[in-house]
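Survey of secondary and tertiary structure
What follows is each chain in one-letter form.
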Amino acid sequence: MMEGRPTPYESWQAAAEALLDPLIPLMVPGATETALDPWASDHDANADRLEAFARPCFLAALWLQSKPPEGGLEKRQKVAAWFRQALVRGSNPQDPGYWGPNTNYHQNGVEIGLLVCGLLLARDHLWEPLTEEEKTRIGRWVASNRATGHHWNNHMFFGVLALEFLAEIGMERPADERAIEHWFTEMEGMYRGGGWFMDGMNQSYDHYNAYAFHFYGLLWSHLFGAKNPQRRERWCGWASTFLEEYQYAFAASGEHPAFGRSITYRFNASAPFSLACLLGVSPLTAGRARRLCTRNLRFFLDRPITQSQGALSLGWHDPFPQLAEGYSCAGSPYWAAKAFVTLLLPPEHPFWTEAEESLPVEEGDFVRPQPAAGLVFRGIGGEVEWLNAGSEITPVNMPKFGPWKWGKLAYRTGIGFQVGRQDGYYGKVNGYYSRDGGLTLEGGGDDRIHGRHYTLPLEMDERHLWCTYALGDKLDQLVCVVETGIWWRAGWLFQFHWTEAYQPVRLTLGGYSLSSGSAEILVRSEPAPSVLRVDAGEQCSVLQALQGFEIVDWDLRLDEQSPRAHVCAPFHAAPLASTARAAGKRGLAALTYAGPDGEAAQTWDVLESSPRGWRLRHPLLGDWEIAGNGLC
């Protein structure tokens, strides 16, 4: 390092402090939560208040336990003192700021689970200075997580962690070990192979594998794994297997695809990499792991992701709370703090001292099928795309989560996607879906948009995927059966959709939606009979309809008259190709492109199309032969 330049460790430490600094003025003396501008969840006020304490507290814990620089101890002492007093008061039933106990399936149980880990990680700052009476009262509050119901997914970890904490402080009960064993057994039954867990009742595969299952599995192994070496070895092994593939989920910029729920947690997606280094089970070199974590962190910190108080906002590239789930509140984004488990690694660890090594996507394009998850990871010119052949979201969670986070065929870094509107029961007013990035349906006598839901992967390899699903609506018994095949080359996808509609419906295929902070940057081509193109600076999106479509059109937001829909920026343009309204069987084919404006964005010539296959020719990419049993 050049003299005077911060070390990588110091840079991360400073980033954690910079995220805490806007919260310090919001740490009102005597209060039990940071005074964030309100954004209510669908839980209750006590749960939201606890989130506004517990999640910033985990960030503070990781910063407090890090090696202190020379000077600056006064701020550390002030921050630690405020969190201690808030913890003492918030856990006290006689205090006006009491958070209330946990109860069956309450959000308090979630917050307690990770909060107690922070208390142990920063034990000298947040736990040991408390009196025995205060510790006992806090322990009794934590014990409300004992025997209460947790959702059948990664939430069971919060029960495990709370009971492990109680044992650590000498407040265990005889039943606790059996409860821990039960919850672990349930979660271990969610393992599907290849490092992937199904997220329980959510029936999804997404970044929760990284920042929930593997993060908590590694954190438990670090704090409590000595009690059960066999379980520690099992969870560490699963994490190592997962991270070997998950490194392919990050673009050269550090961004990961916005996909699945809780994407507002942003850079916590990289959290398990440094924990694996801490435990000595990382499949990545220390230099690659640090490069990945640092680029992921910097990608978001270099964007306007804070709200008016300077605190982290709900959103992705900027404040956009409409993308968040109903369970999110003002304090929710601070689970991004998980990324700062890097600071558990001492400054002399190879994670900090070894030279950075390039990420897989920087070394060339790739295709990595993830059959256990129904996903294909694809690297394209420094960006990463997830093609989704199988992940879904269970119907009971559609109103809370929004199926557009799983219901598209492709999710790419540098592009993002549009959200759906969530008005009414089962989307009765406007539907839950947006029309970009996949096949959607309109029918049933209203204008609602219906998209993918339950999806069954059929084939996946390095060249293509096949999956099947039904578009429609439960309440109206509206249904269109679909078999979808996707092939890829460079920035292009060839899509074939065999469909059978049982009522007259219109089918629409949406291309990649480009976004911008300025509507003027989105320049659209004049509609051709089968081709639409939009440019945004050096990027463009192209849709070339090949078979079965009758109309090409746009999905646009170019002014403030309609609600924002794109996760990356306020304005968007997405090319669309639609059929006429009809029932029966149809075969639909199209090409979609996103990437740099250049020769690769030119359209294709069709040399042959038949049930045996397609043969295409491109002025730069050459000939492309596509074959499969479902092309009819």
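Residues numbered from 1 in each chain as written. Predicted model: local features only at pLDDT ≥ 70, side-chain atom pairs only at ≥ 80, totals over all residues. Heavy atoms only, no water.

**Digging into the pairing of strand 7 (residues 439-443)**
Most of strand 7 sits out of view: five of its five residues are buried. Of the two faces of strand 7, the one holding Leu439, Leu441 and Gly443 and the one holding Thr440 and Glu442 are both buried throughout. Sheet analysis places strand 7 next to strand 8 (residues 449-450), joined by two bridges and oriented antiparallel. By the bridge assignment, glutamate 442 is partnered in strand 8 with isoleucine 449. If you look at the hairpin formed by strand 7 and strand 8, you'll find five residues sitting between the two strands, and glycine 444 has a positive phi there, around 80 degrees. (Buried < 20%, exposed > 50% of the residue type's maximum accessible area, 1.4 Å probe, protein only. Helix = DSSP H or I, 4+ residues; strand = E, 2+ residues; numbered from the N terminus. Pairing = 2+ DSSP bridges.)

**Points about the environment of aspartate 555**
Examined against the element boundaries, aspartate 555 turns out to sit in strand 17 (residues 551-557). By relative accessible area, which is 15% here, aspartate 555 ends up buried. Distance from aspartate 555 to histidine 572, taken between C-alpha atoms, is 7.9 Å for residues 17 residues apart in sequence. Residues within four places of aspartate 555 in sequence aside, it is in contact with Gln418, Arg435, His572, Ala573, Ala574 and Leu576. (Contact = heavy atoms within 4.5 Å.)

**As for the sheet that holds strand 21 (residues 613-618)**
The strands making up a sheet associate through hydrogen bonds between their backbones, and the pairing can be parallel or antiparallel. With respect to topology, three strands assemble into an open sheet ordered 20-21-22, the strand pairing being antiparallel. Each end of this open sheet is capped by a strand with a single partner; those strands are strand 20 (605-610) and strand 22 (622-626). The sheet shows a mean angle of 10 degrees between the axes of neighbouring strands, direction not considered. Note that strand 20 and strand 21 share five bridges and pair antiparallel. The partner of serine 609 across the bridge, within strand 21, is tryptophan 614. (Axes fitted to C-alpha atoms, helices over the stretch in contact; angles between N-to-C directions.)

**Let's talk about a nonpolar patch on the surface**
A cluster of nonpolar side chains, namely Tyr454, Leu456 and Leu458, defines an oily patch on the protein surface of about 300 Å² accessible area. Along the polypeptide, leucine 456 turns up in strand 9 (residues 455-460). (Patch = residues over 30% accessible without salt bridge, like charges linked within 9 Å, V, L, I, M, F, W, Y side chains within 5 Å. Areas by Shrake-Rupley, 256 points an atom, 1.4 Å probe, with all protein chains shown as cover. Salt bridge = Lys/Arg side-chain N within 4 Å of Asp/Glu carboxyl O.)

**Concerning the pattern of salt bridges**
Evaluation of the coordinates by the stated rule reveals 39 salt bridges. Taking the shortest distance from any N to any O, the salt bridge between glutamate 362 and arginine 291 comes out at 2.9 Å. Taken as a pair, glutamate 362 in the loop between helix 13 (350-353) and strand 3 (366-370) and arginine 291 in helix 12 (residues 286-301) lie far apart in primary sequence, 71 residues in all. Measuring nitrogen to oxygen at the nearest pair gives 2.9 Å for the salt bridge that ties aspartate 436 to lysine 408. On the criterion of sequence distance, the pair formed by aspartate 436 in the loop between strand 6 (410-412) and strand 7 and lysine 408 in the loop between helix 14 (398-401) and strand 6 is long-range, its members being 28 residues apart.

**Description of the nonpolar core**
Counting 149 residues, the largest nonpolar core has Phe53, Tyr246 and Phe340 as the members making the most contacts within it. Residue contributions to this core peak at twelve residues, all from helix 2 (residues 45-65). Beyond its immediate stretch of four places on either side in the chain, phenylalanine 53 contacts Thr32, Glu33, Trp82, Phe83, Ala86, Leu87, Trp99 and Leu115. Formed by 40 residues, the second largest nonpolar core is a distinct cluster that contains Ala389, Ile486, Leu509 and Leu543. (Core = buried A, V, L, I, M, F, W, Y, C linked by side-chain atoms within 4.5 Å.)

**Side note on empty space enclosed by the protein**
Inspection of every chain in the model, using the stated rule, returns five cavities of 30 Å³ or more. Reported here for the largest cavity is a volume of approximately 60 Å³. Lining the largest cavity are Trp404, Gly407, Lys408, Tyr433, Ser434, Asp436, Gly438, Leu439, Thr440, Gly451 and Arg452. Of the residues contributing to the lining of the largest cavity, the split by class is three nonpolar, five polar and three charged. By volume, the second largest cavity amounts to about 50 Å³. As for the second largest cavity, its lining consists of Ala410, Gly437, Gly438, Leu493, Gln495, Gly510, Gly511, Tyr512 and Thr592. Residue composition of the lining of the second largest cavity, by class: three nonpolar, six polar and no charged. (1 Å grid on protein atoms, 1.4 Å probe; cavity = no way out; pocket = protein on both sides within 12 Å on 5 of 7 lines; lining within 4 Å. Points joined across faces, edges and corners; volume = space filled by probe spheres on them. Nonpolar A, V, L, I, M, F, W, Y, C, P; charged D, E, K, R; others polar.)

**Digging into helix 12**
Helix length check: helix 12 (16 residues) gives 22 Å between terminal C-alpha atoms against 22 Å at 1.5 Å per residue, within 8%. Here helix 12 lies mainly inside the structure; 13 of its 16 residues are buried. (Expected span 1.5 Å × (residues − 1).)

**Some points on the pairing of strand 16 (residues 539-547)**
Where strand 15 (residues 531-536) lies against strand 16, six bridges are found, and the strand directions are antiparallel. Note on strand 16: the bridge partner recorded for leucine 532 is leucine 543. The loop that links strand 15 with its antiparallel partner strand 16 comprises two residues; one of these, glycine 537, has a positive phi angle of about 65 degrees. Where strand 16 and strand 19 (residues 582-596) come together, eight bridges link them in antiparallel fashion. In the strand pairing of strand 19, leucine 543 is matched with threonine 592.

**Points about the packing of helix 2 against helix 4 (residues 107-121)**
In the contact formed by helix 2 and helix 4, the axes pass within 9 Å of each other and the chain directions differ by 20 degrees. Here helix 2 lies roughly parallel to helix 4, going by the angle between them. By crossing handedness, the relation of helix 2 to helix 4 is classed as left-handed. Here Asn46, Ala47, Leu50, Glu51, Phe53, Ala54, Arg55, Cys57, Phe58, Ala61, Leu62 and Gln65 of helix 2 come into contact with helix 4, specifically with Gln107, Asn108, Val110, Glu111, Leu114, Leu115, Cys117, Gly118 and Leu121. Of the residues assigned to the contact of helix 2 with helix 4, the class counts are 13 nonpolar, five polar and three charged. (Parallel < 35°, antiparallel > 145°, perpendicular 65-115°, else oblique. Left-handed = near helix turned anticlockwise from the far one by under 90°.)

**Points about the side chain of asparagine 154**
Mapped onto the fold, asparagine 154 is located in the loop between helix 6 (132-142) and helix 7 (156-168). Separated by 3.0 Å, the side chains of asparagine 154 and aspartate 199 make a polar contact. The contact partners of asparagine 154, leaving out residues within four places of it in the chain, are Met187, Asp199, Tyr208, Ala212, Phe213, Tyr216 and Arg261. (Polar contact = N/O pair within 3.5 Å; in protein donor to acceptor, adjacent residues only side chain to side chain.)

Shape descriptors only; they carry no functional weight alone.
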